Amino acid sequence: MTALLDTIARAFVAPSARPEPVVAVAPSAAVCGPQAEAVAAALALLLRPRGPVVVCAWSASAQRASAPPTVGARRLAASLQARELDAAATGRLVVVGLDASPSVAVAEAARASAAAGDAPVVTAICGPRDPVFDGLLDAQDVAVVAAGDAPDELIRLGVAALGHTAVAASSLPGTAAWLARAGLWATPSARRALAAAMQR
C-alpha cells in the first residue's frame, strides 16, 4: 500500500530539485609594464582581503621584497613547488617566477592558476610583451597597464592594445610598492592607483 501511495504522490508532486553546486571562480588579472610586479602584488591583495594570493611574474627583478609568510601562503607555495613551479611565499603573497621563455611562461602561469584553488592569480608581465601572451591576456577578468611615468599617449596605446577590459594604473610610491611586493598591505595610494581595475 505504501509503495502505491508513493507512486501516486510522484505522479502529482514534482520531485524537489537539488540545487547545482556553485563553484566559486577566483578573479584573475594581468598587469603589463615596467611597474607590473608591484602593481600586480597590490592588485592581488586587493582582490582578496584575507588569505593567500598569487602573482606570476615574468621578466621581473631578481630582488624580491621579503616578509614572514602566513601559514596559508606557505602551504600554497609548497603546493605550487610540488608542481615544479618556482614559488616563494612572503606575507600573504605567493610569487611564482615564470620561465624566461614566453611559451614556457604561459604554460607555467596556467598550471599555477589551476593549482591556486580559490586564491586570485595576477600575472605580471614586466618585460616587453611577446605575442605569445595574447591568449593569456584575453582570458583575464581585467588587464592593467602599469606604465609608470610614460607619456599619456603611450599609455593610451597600451590600454587600447589590451582590449576592452584594460585600464591604466599609475606607479606606486616606493613604500607602497615594497609593502605590496612583500605581501603585507595594499596601501591607500595603491587602492587609488587601482580604483579603475577594481571596478571591472
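As the structure is a prediction and not an experimental result, all values here were calculated from the model.

Each value, and the rule that gives it
- Residues numbered from 1 in each chain as written.
- Predicted model: local features only at pLDDT ≥ 70, side-chain atom pairs only at ≥ 80, totals over all residues.
- Heavy atoms only, no water.
- Core = buried A, V, L, I, M, F, W, Y, C linked by side-chain atoms within 4.5 Å.
- Buried < 20%, exposed > 50% of the residue type's maximum accessible area, 1.4 Å probe, protein only.
- Helix = DSSP H or I, 4+ residues; strand = E, 2+ residues; numbered from the N terminus.
- Contact = heavy atoms within 4.5 Å.
- 1 Å grid on protein atoms, 1.4 Å probe; cavity = no way out; pocket = protein on both sides within 12 Å on 5 of 7 lines; lining within 4 Å.
- Points joined across faces, edges and corners; volume = space filled by probe spheres on them.
- Nonpolar A, V, L, I, M, F, W, Y, C, P; charged D, E, K, R; others polar.
- Expected span 1.5 Å × (residues − 1).
- Pairing = 2+ DSSP bridges.

Just checking my understanding: could you explain the nonpolar core for this structure?
Generally speaking, nonpolar side chains in soluble globular proteins are found buried as a group. Within the largest apolar cluster, 34 residues are counted, with the highest numbers of intra-cluster contacts made by V31, V55, V144, L172 and L194. At the level of secondary structure, the elements contributing two or more residues to this core comprise β1 (28-32), α2 (36-47), β2 (53-58), β4 (93-97), β5 (121-125), β6 (142-145), α7 (174-181) and α8 (188-193). With 10 residues, α2 is the single largest residue contributor to this core. Apart from residues lying up to four places away in sequence, V31 is in contact with A36, V39, A40, L43, V122, T123, A124, I125, V144 and A146. Membership of the second largest hydrophobic core comes to 33 residues, among which are A115, A147, I155 and L162.

In this structure, what is going on with the environment of A107? I would like to understand it.
As for its position among the elements, A107 is in helix α4 (residues 102-115). The class for A107 is partly exposed, based on a relative accessible area of 40%. On a C-alpha basis, the gap between A107 and L136 in space is 9.5 Å, while along the polypeptide they are 29 residues apart.

Explain unusual backbone geometry to me, please; I cannot follow it from the model alone.
Apart from glycine, the bulk of residues carry a negative phi angle, and the bulk of peptide bonds sit in the trans form. You will see that S59, though not glycine, has its phi angle at about 60°, which is positive. Position of S59 among the secondary structure elements: in the loop between β2 and α3 (71-82). The backbone phi angle of E84 is positive, close to 60°, even though this residue is not glycine. Summarising the element assignment, E84 is placed in the loop between α3 and β3 (86-90).

Is there a simple way to explain the layout of surface pockets in this structure?
In this model, the largest pocket occupies a volume close to 280 Å³. In terms of lining residues, the largest pocket is bounded by 14 residues, among which C32, G33, R129, V145 and G158 are the most central. No other element matches helix α6 (residues 152-162), which puts five residues into the lining of the largest pocket. In terms of residue class, the lining of the largest pocket is made up of 10 nonpolar, three polar and one charged.

Any chance you could explain α2 here in plain terms?
Note: α-helices contain 3.6 residues per turn, so residues at a spacing of three or four share the same orientation. Compared with an ideal rise of 1.5 Å per residue, which puts 12 residues at 16 Å, α2 spans 16 Å between its outermost C-alpha atoms and is within 8% of the ideal. In terms of residue burial, α2 counts as a mostly covered element, since 11 of its 12 residues are buried. Looking at α2, one finds that the buried residues are A36, E37, A38, V39, A40, A41, A42, L43, A44, L45 and L46.

Would you take a moment to explain the pairing of β5 for this structure?
For a regular strand, side chains alternate in direction, first toward one face of the sheet and then toward the other. Burial analysis of β5 places five of its five residues in the buried class, which makes it a mostly covered element. Alternating residues of β5 divide into V121, T123 and I125 and V122 and A124, and every residue in both groups is buried. Here five bridges tie β1 to β5, and the two strands are oriented parallel to one another. Each bridged residue has a counterpart across the sheet, and for S28 the counterpart in β5 is V121. For β2 and β5, the ladder comprises five bridges, and the chain directions are parallel.

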